[in-house]
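Chains, contacts and geometry: an overview
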Amino acid sequence: MSGKTVNYFAGGNTAKGFYNLLESNLYGLEIVYTLIGGPGNGKSSLIKRLASTWIEKGYDIEQIFCPFDNDKLAGLVIPDLKCGIIDATFPQGVKSKAPGAIEQYVNLGVAWDTSLLSTQRQAILSYQKQKNEVLEHAYLSFEKGLLIHDDLESIYIRNMNFKQADQVTRELIDKIFISKKGTSKDATEKHRFFGASTPNGVVDYIENITEELNKRFFIKGRAGTGKSTLLKKIAAVAIERNFDVEVYHCGFDPKSIDMVVIRELRVCVFDSTDPHEYFPTRHGDEIVDLYEKTITPGTDEANEAEINDFNQRYKQQMKEGITFLHEAKGIHDQLKKIYVEATDFSVVDAIYEDINRSIENREEV
């Protein structure tokens, strides 16, 4: 019987630039194979092969997708074997804890024809420079969008009943936990993104992440109606009560929280608003509407013109940012072609076999 898969992003293209949440997802692993190499020399394909191999063996796995190309894998975790495989070109890198003891560095550069790459030195440098410049334009667009979003939030904050918001939070906490305690002796928080702005638009894995859960709370509301604050309080209570928690950050503003998953309780609470708006589809789904419960009635109508203007300008900045990401990917694809031509993939296949055998040895321990 095949294992189950949880998909997520551990990094995102955000209004704060590229934001790296990888470290907490490697917590507790005893070995991390860190793949070193350039674009297009088989890192993602190698990770996909390992993912396929081990899920077919019946192991549950976590697939970490690449926000620069959501068809590519940037990492894989096999929790039961306390093992991970990570693309070391992940921006801002992988923090080492015990090089050689935990982190095993695997150099895919041995598959390169370096003489061919040396003839393309100027092209490589030029593509890298172009890509980085375009990415900075993307992040600037998202940053401008966040400033507009902050102005939108201020409308609702001015019209919010904070006592009522606290009451809604307390009621939801009581409904989730019902005085229950978790079994974890050292409760952990894993920080992730369920979605990301990619060259293909905004992509999320909410359905995959929540498919094994019995209870899903869909938080509805407007910008600034306290959704992130509510989620942070739920995560804090879960940790206090010894539950492991998955905390999913906002792919636009990573300082905000968009979802909390408590797997031991088979429950999640998430911000179900645009661009990741979902509605109940199965037994156990429940809507919690913060606009209805906490905002002065008529706020939308009284501020309609200003709200529409903010929304339009915000969405334009987001669209512009995505366009820049798409342009950056086009440049990256040109760079990748150089490395594909210089790579002997039979060497990469041999590296896959070595890593797979090493993981099999862990299985036998």
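It should be emphasised that the depicted structure is a prediction, and the values quoted were computed from it without experimental measurement.

The next thing to look at is the pattern of salt bridges. Where charged atoms from two side chains of opposite charge approach closely, those side chains can pair. For the structure shown, the criterion picks out 21 salt bridges. Linked by salt bridges that have partners in common, Glu62, Arg192, Glu246 and Arg263 make up one network.

Once that is clear, we can look at the nonpolar core. Membership of the largest hydrophobic core comes to 82 residues, with the highest contact counts inside it found for Leu46, Leu50, Ile85, Ile209, Ile355 and Ile359. Ranked by residues supplied to this core, first place goes to helix H3 (residues 121–158) with ten residues. Ignoring anything within four residues of it in the chain, the contact list for Ile355 reads Tyr33, Leu35, Leu46, Leu50 and Val106.

Remark: helix H1 (residues 43–56) packs on helix H10 (residues 345–364), axes separated minimally by 10 Å, with the N-to-C direction vectors making an angle of 35°. For the pair H1 and H10, the sense of crossing is right-handed. Here H1 contributes Leu46, Arg49, Leu50, Thr53 and Trp54 to the contact with H10, which in turn contributes Val348, Asp349, Ile351, Tyr352, Glu353, Ile355, Asn356, Ile359, Glu360 and Glu363. The residue inventory of the contact of H1 with H10, partitioned by class, reads eight nonpolar, two polar and five charged.

We now examine a negative patch on the surface. Negative charge collects at one region of the surface, where Asp60, Asp80, Glu211 and Glu212 lie side by side. As for its position among the elements, Glu211 is in the loop between helix H5 (206–210) and strand S12 (215–220). What makes Glu211 partly exposed here is its relative accessible area of 44%.

Our focus in this paragraph is helix H6 (residues 227–240). Residues spaced three or four apart along an α-helix face the same direction, because each turn holds 3.6 residues. With 14 residues, H6 should reach 20 Å at 1.5 Å per residue; the first-to-last C-alpha distance of 20 Å fits that figure. All buried positions along H6 are accounted for by Lys227, Ser228, Leu230, Leu231, Ile234, Ala235, Val237 and Ala238. Taken from the residues just after H6, Asn242 is the one with a positive phi, measuring 70°.

This paragraph deals with the side chain of Asp69. Tracing the backbone shows Asp69 in strand S6 (residues 69–78). Relative accessible area serves as the criterion here: at 11%, Asp69 is assigned to the buried category. Not counting chain neighbours up to four residues away, the residues in contact with Asp69 comprise Pro199 and Lys329.

Quick look at the packing of aromatic side chains now. The final tally for this structure, using the stated rule, is eleven aromatic pairs. Judged by centre distance (5.4 Å) and plane angle (65°), the rings of Trp54 and Tyr59 are edge-to-face. As far as burial versus exposure is concerned, Trp54 and Tyr59 are alike and both buried. Taken together, the ring pairs connect Phe9, Phe65 and Tyr205 into an aromatic cluster.

Right, let's talk about the pairing of strand S2 (residues 11–14) for a bit. Of the two faces of S2, the one holding Gly11 and Asn13 and the one holding Gly12 and Thr14 are both buried throughout. Relative to strand S3 (residues 17–20), S2 runs antiparallel, the two being bridged by four bridges. Bridge pairing links Asn13 to Phe18 in S3. Hairpin connection, S2 to S3: the antiparallel pair is bridged by two residues.

Rules used throughout
- Residues numbered from 1 in each chain as written.
- Predicted model: local features only at pLDDT ≥ 70, side-chain atom pairs only at ≥ 80, totals over all residues.
- Heavy atoms only, no water.
- Salt bridge = Lys/Arg side-chain N within 4 Å of Asp/Glu carboxyl O.
- Core = buried A, V, L, I, M, F, W, Y, C linked by side-chain atoms within 4.5 Å.
- Buried < 20%, exposed > 50% of the residue type's maximum accessible area, 1.4 Å probe, protein only.
- Helix = DSSP H or I, 4+ residues; strand = E, 2+ residues; numbered from the N terminus.
- Contact = heavy atoms within 4.5 Å.
- Axes fitted to C-alpha atoms, helices over the stretch in contact; angles between N-to-C directions.
- Left-handed = near helix turned anticlockwise from the far one by under 90°.
- Nonpolar A, V, L, I, M, F, W, Y, C, P; charged D, E, K, R; others polar.
- Patch = residues over 30% accessible without salt bridge, like charges linked within 9 Å, V, L, I, M, F, W, Y side chains within 5 Å.
- Areas by Shrake-Rupley, 256 points an atom, 1.4 Å probe, with all protein chains shown as cover.
- Lys, Arg positive; Asp, Glu negative; His and termini not counted.
- Charge placed at Lys NZ, Arg CZ, Asp CG, Glu CD.
- Expected span 1.5 Å × (residues − 1).
- Phe/Tyr/Trp six-rings, centres within 6.5 Å; stacked < 30°, edge-to-face > 60°.
- Pairing = 2+ DSSP bridges.

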